[in-house]
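Listed here are the chains, written in short residue letters.
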There are 2 protein chains.
Amino acid sequence: MAKLRDIGEFGLIQRLESILPAKVSKKWTQGIGDDTAVRRLPGGVHELFTQDILLEGVHFLPGNLARWEEIGWKALAVNLSDIAAMGGEPIGALVGLGLPSSAKVEEVEALYRGIAKCSKKYSCPVIGGDTNASKGGWVISATVLGETRQRPLLRRSARAGDSLWVTGDLGSAALGWKLMQRRKSPVDAQPFLKRFLTPEPRMDWGRLLAKSGMVGACIDVSDGLAGDLGHLSRASGLGFDVDLNRLPRHLAFSKLCASMKLKPYELLLAGGEDYELLFTVRAGKETAFQKLPLSRGVKVACIGRARDGTGIRWLEDGIGMKQKPRGFRHF
Amino acid sequence: MAKLRDIGEFGLIQRLESILPAKVSKKWTQGIGDDTAVRRLPGGVHELFTQDILLEGVHFLPGNLARWEEIGWKALAVNLSDIAAMGGEPIGALVGLGLPSSAKVEEVEALYRGIAKCSKKYSCPVIGGDTNASKGGWVISATVLGETRQRPLLRRSARAGDSLWVTGDLGSAALGWKLMQRRKSPVDAQPFLKRFLTPEPRMDWGRLLAKSGMVGACIDVSDGLAGDLGHLSRASGLGFDVDLNRLPRHLAFSKLCASMKLKPYELLLAGGEDYELLFTVRAGKETAFQKLPLSRGVKVACIGRARDGTGIRWLEDGIGMKQKPRGFRHF
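Residues numbered from 1 in each chain as written. Chains lettered and ligands numbered in written order. Predicted model: local features only at pLDDT ≥ 70, side-chain atom pairs only at ≥ 80, totals over all residues. Heavy atoms only, no water.

Asks: Even after reading the chapter, I still don't get the overall build of chain A, so can you show me in this structure?
Replies: Looking only at helices and strands, chain A has ten helices and 13 strands in total. Taking 20 Å as the expected radius of gyration for a compact globule of 331 residues, we find that chain A reaches 20 Å, a close match to that expectation. Along the longest, intermediate and shortest principal axes, the C-alpha atoms of chain A span 55 × 55 × 50 Å. Residue burial in chain A is summarised as follows: out of 331 residues, 60% are buried. Total accessible area on chain A is roughly 13,700 Å²; 51% of this is exposed by carbon and sulfur atoms. Across chain A, the centroid of the 48 positively charged side chains sits 3 Å from that of the 35 negatively charged ones. (Helix = DSSP H or I, 4+ residues; strand = E, 2+ residues; numbered from the N terminus. Rg over C-alpha atoms; globule rule 2.2 N^0.38 Å. Buried < 20%, exposed > 50% of the residue type's maximum accessible area, 1.4 Å probe, protein only. Areas by Shrake-Rupley, 256 points an atom, 1.4 Å probe, with all protein chains shown as cover. Lys, Arg positive; Asp, Glu negative; His and termini not counted. Charge placed at Lys NZ, Arg CZ, Asp CG, Glu CD.)

Asks: How should the packing of aromatic side chains be read in this particular structure?
Replies: For any two aromatic rings, the description comes down to two numbers: the centre-to-centre distance and the angle of the planes. All chains considered together, the criterion is met by 17 aromatic pairs over all chains. Grouped by ring-pair contacts, the aromatic residues Trp28(A), Phe49(A), Trp28(B) and Phe49(B) constitute a single cluster. Taking NZ or CZ as reference, Lys74(A) lies 4.0 Å from the ring centre of Phe196(A), over its face. (Phe/Tyr/Trp six-rings, centres within 6.5 Å; stacked < 30°, edge-to-face > 60°. Lys NZ or Arg CZ within 6 Å of the ring centre and 35° of its normal.)

Asks: Can you help me understand the pattern of salt bridges in this one?
Replies: Within this structure, the stated rule accounts for 44 salt bridges over all chains. Here Glu286(A) makes a salt bridge to Arg305(A), at a shortest N to O gap of 3.3 Å. Taken together, the residues Glu286(A) in helix H10 (residues 286–290) and Arg305(A) in strand S11 (residues 300–307) connect sequence positions 19 residues apart. When its relative accessible area of 37% is taken as the criterion, Arg305(A) is described as partly exposed. We note a salt bridge from Glu273(B) to Lys74(B), for which the minimum N-O separation is 3.0 Å. Taken together, the residues Glu273(B) in the loop between helix H9 (264–270) and strand S10 (276–281) and Lys74(B) in helix H2 (residues 65–85) connect sequence positions 199 residues apart. Glu273(B) gets classed as buried once you look at its relative accessible area, which sits at 19%. Overlapping salt bridges bring together Arg39(A), Glu47(A), Glu147(A), Arg39(B), Glu47(B) and Glu147(B) as one network. (Salt bridge = Lys/Arg side-chain N within 4 Å of Asp/Glu carboxyl O.)

Asks: Help me understand the confidence of the model for chain A, please; the structure alone is not making it clear to me.
Replies: Atom-level detail of predicted coordinates should not be read off regions where pLDDT is low. Residue and element names in this part refer to chain A. With 95% of its residues at a pLDDT of 70 or more, chain A has an overall mean of 91. The low-confidence segment residues 326–331, where pLDDT is below 50, has 25 contacts with residues more than four positions distant or belonging to other chains. Across the predicted assembly, pTM comes out at 0.92 and ipTM at 0.89. (pLDDT = per-residue confidence, 0-100. Contact = heavy atoms within 4.5 Å.)

Asks: Would you take a moment to explain the sheet that holds strand S6 (residues 139–148) of chain B for this structure?
Replies: In any sheet, the strands associate via hydrogen bonds between backbone groups, in a parallel or an antiparallel arrangement. Across the sheet, which stays open at both edges, the six strands sit in the order S1-S2-S3-S6-S4-S5 (chain B) with mixed pairing between neighbours. Every other strand in the sheet has two partners, leaving strand S1 (28–30) and strand S5 (126–134) of chain B as the edge strands with one partner each. Ignoring strand direction, the axes of neighbouring strands in this sheet form an average angle of 20°. Bridging between S1(B) and strand S2 (residues 37–41) of chain B involves two bridges; their strand directions are antiparallel. By the bridge assignment for S2(B), Trp28(B) is matched with Arg39(B). Helix H1 (residues 4–19) of chain A contacts strand S4 (89–100) and S5 of chain B of the sheet and is inclined by roughly 175° relative to S4(B). Sitting on the sheet, H2(B) touches strand S3 (45–55), S4 and S6 of chain B, and the angle it makes with S3(B) is about 145°. (Pairing = 2+ DSSP bridges. Axes fitted to C-alpha atoms, helices over the stretch in contact; angles between N-to-C directions.)

Asks: Hey, could you run me through the sheet that holds strand S6 (residues 139–148) of chain A in this one?
Replies: Across the sheet, which stays open at both edges, the six strands sit in the order S1-S2-S3-S6-S4-S5 (chain A) with mixed pairing between neighbours. Every other strand in the sheet has two partners, leaving strand S1 (28–30) and strand S5 (126–134) of chain A as the edge strands with one partner each. Adjacent strand axes in the sheet meet at a mean angle of 20°, parallel and antiparallel pairs treated alike. Both strand S2 (residues 37–41) of chain A and strand S3 (residues 45–55) of chain A contribute to a ladder of five bridges, which runs antiparallel. The partner of Arg40(A) across the bridge, within S3(A), is His46(A). In the packing of helix H1 (residues 4–19) of chain B onto the sheet, contacts are made with strand S4 (89–100) and S5 of chain A, and the angle to S4(A) comes to roughly 175°.

Asks: What am I meant to see in the interface of chain A and chain B here?
Replies: Quite often, the size of an interface is put as the accessible area lost when its parts meet. Every contact between the two is made by 77 residues of chain A and, on the other side, 77 residues of chain B. When chain A packs against chain B, close to 6,500 Å² is buried across both sides, 70% of that on carbon and sulfur atoms. Across the pair Glu109(B) and Arg15(A) runs a salt bridge whose closest N-O atoms are separated by 3.4 Å. The tally of links from chain A across to chain B stands at 22 residue pairs in polar contact (both at pLDDT 80 or more). Listed by contribution, the elements that provide at least two residues to the side of chain A that touches chain B are H1, S2, S3, S4, helix H3 (105–121), S5 and S6 of chain A. (Buried area = accessible area lost by both parts, 1.4 Å probe. Polar contact = N/O pair within 3.5 Å; in protein donor to acceptor, adjacent residues only side chain to side chain.)

Asks: What's the story with the relation of the copies chain A and chain B in this structure? I'm lost.
Replies: The pair of chain copies shares a relation made of a rotation about an axis and a shift along it. Expressed as a screw operation, the relation of chain A to chain B combines 0.0 Å of axial shift with a rotation of 180°, fitting to an RMSD of 0.0 Å. In the structure described here, the two chain copies are related by an operation that fits a two-fold rotation axis. Nearest to the rotation axis, the C-alpha of Gly136(A) is located 2.2 Å from it, this being the minimum over chain A. Residue by residue, 100% of the interface of chain A is reproduced at the interface of chain B, so both copies engage with the same surface. (Least-squares fit on C-alpha atoms with pLDDT ≥ 70 in both.)

Asks: Sorry, what's going on with the domain arrangement of chain A here?
Replies: All names here are of chain A. When the domains of chain A are assigned, the result is domain 1 (4–148) and domain 2 (155–320). Taken together, the contact between domain 1 and domain 2 spans 25 residues of the former and 23 residues of the latter. Between domain 1 and domain 2 lies a buried interface of about 2,100 Å² when both sides are counted; carbon and sulfur atoms form 53% of it. Inspection of the region where domain 1 meets domain 2 yields five salt bridges. Where Glu200 meets Lys121, a salt bridge forms, and the shortest distance between an N and an O atom there is 3.1 Å. Sorting elements by how many residues they give to the side of domain 1 that touches domain 2 places helix H2 (residues 65–85) first, with twelve residues. (Domains from an automatic or database assignment.)

Asks: Even after reading the chapter, I still don't get the side chain of Ser163(B), so can you show me in this structure?
Replies: Residue and element names in this part refer to chain B. Checked against the element boundaries, Ser163 lands in strand S7 (residues 163–167). Of the residues examined, Ser163 reaches a relative accessible area of 0% and is grouped as buried. Setting aside chain neighbours within four positions, we find Ser163 in contact with Phe279, Thr280, Val281, Glu286, Cys302, Gly304 and Arg305.

Asks: What is the right way to look at unusual backbone geometry in this model?
Replies: Trans peptide bonds make up most of the peptide bonds, and negative phi angles are found at most residues other than glycine. For Glu273(A), which is not glycine, the phi dihedral falls at a positive 65°. One non-glycine residue, Lys261(B), adopts positive backbone phi at about 55°. Mapping Lys261(B) onto the fold places it in the loop between helix H8 (253–259) and H9. In this structure Lys261(B) comes out as exposed when scored by relative accessible area, which is 75%.

Right, here's the structure in full:
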């Protein structure tokens, strides 16, 4: 029988989609294939619905109690990032747990303190869940319900000529992960560790993008820029040109990469877990877009443009790269 | 540090609830503590929101491809049962997977065929999900969104004097599980295996109960009658008297229990996985209730009555039992 690694995560998802009934109720304006599912409610409201599972050994490694708090935060934050990518507000969350017999009450409580912190900061009450024993490792499954009165920001809505933008900076979380793996803690490590351990979903930006009326497509960068731009590209049926020199990086990023002998473009393009928003702005709206009130000091950078065709052209001073970078593969 | 088994599943849930912010947005009329969370939508609609995780080795054991189909069915069916217990209609489902490296593509496809069958039968489209590698066993996390235009059937709405009813029969799934464990397949085993492997959520009954206007509290029996009646009892602040001789059983139940040397009341009260609806009917409405059109041949039985006070009195020909039965404990 075929192994999962032979067909990859996206090959598997395609096969699974073909098994499900093709016709989904008209209530759903977006099913599988975007950051969240979308259905229309009375009164011009779009409801958003998303789920992410965090698994021990794959998405996190257990540690001390402080670490459990961070894992709890992240379990909710990565789901909120999907709501942000649609331009929505969170309404509530369900949190399901699978707990190995070795799990301590204090660890579960620390995990929940982290969930509660994130829940409070982003006004997303935990309104239910499910608690189970696990024969494997820890399992944390969070589902978030959201809403927007604006048109949701879909992956398929880019047009040729749109400019391509990203919030914040890229590669910081991946660098944080490398620092943790190598147990390094240089003086400027803190912001990178924080980005990896307790990402901040870009809720303010998502809201602003949806209200602006100038945005085409949007996605959150969870698999890495290359992988997620690939999703935008396929969903919109367009190619993209990206200027690698314009990819936003943290001030200390290049220096730390050099001292750790890391290839910066691997982290920038395929590191993953950035949880920034990647979106397009309609052609000719760039100047107006830049005059929007920028939210809470998180900047945006224009990094490329959508064009007719397919695929992504990675340009460095106008020259294409030889090796194609790719996103994190699960299998 | 404290072990989970010292405080039990419900002790843990109480601790976790105390960590979450006490105030939940007014949008939610029901948070943690019922079969689903409930929020009010415009136009008199109540939205329902529930999640259940199935874990390898805890909720299911992997087997041949036919078995994977059954596991897929069950992952969705147990969530639909929660929607039925609130009197709701399913609207859509998210299905998240954690797949060990040993998982075969054909196994995942078989799992999805089972999900698709249940999805089609109960008109609950799968509109999203999340697919991950797992370092432990298989993880299936399903979330279902539902709706009702009626008042949702809560656990806390029983009143003293209400009669207590249950749909279908009890203990059949537990007997099916015992048959599987012992690898027995007597001639009349099939209905019991089916009840354990591919439970049918009581959607028709849930709908009818909500519309009848005669029902007080309702819950689905997943942990076993004793455990779930305990939930009704605590949520409603009432005691219950239950007549053990009136517990509904499948025609072949007693004979099979005898031939396998199983104690019938252990299966009837604490077996779990029945996925029947347990509910109360307002005092004086019993006769009118019995005149309701019964749905699809699934019968109901009156098994007891709610009273002022606390706790459950198990009566057999009017005499209390010495040993208190209990529901399935996760830790």
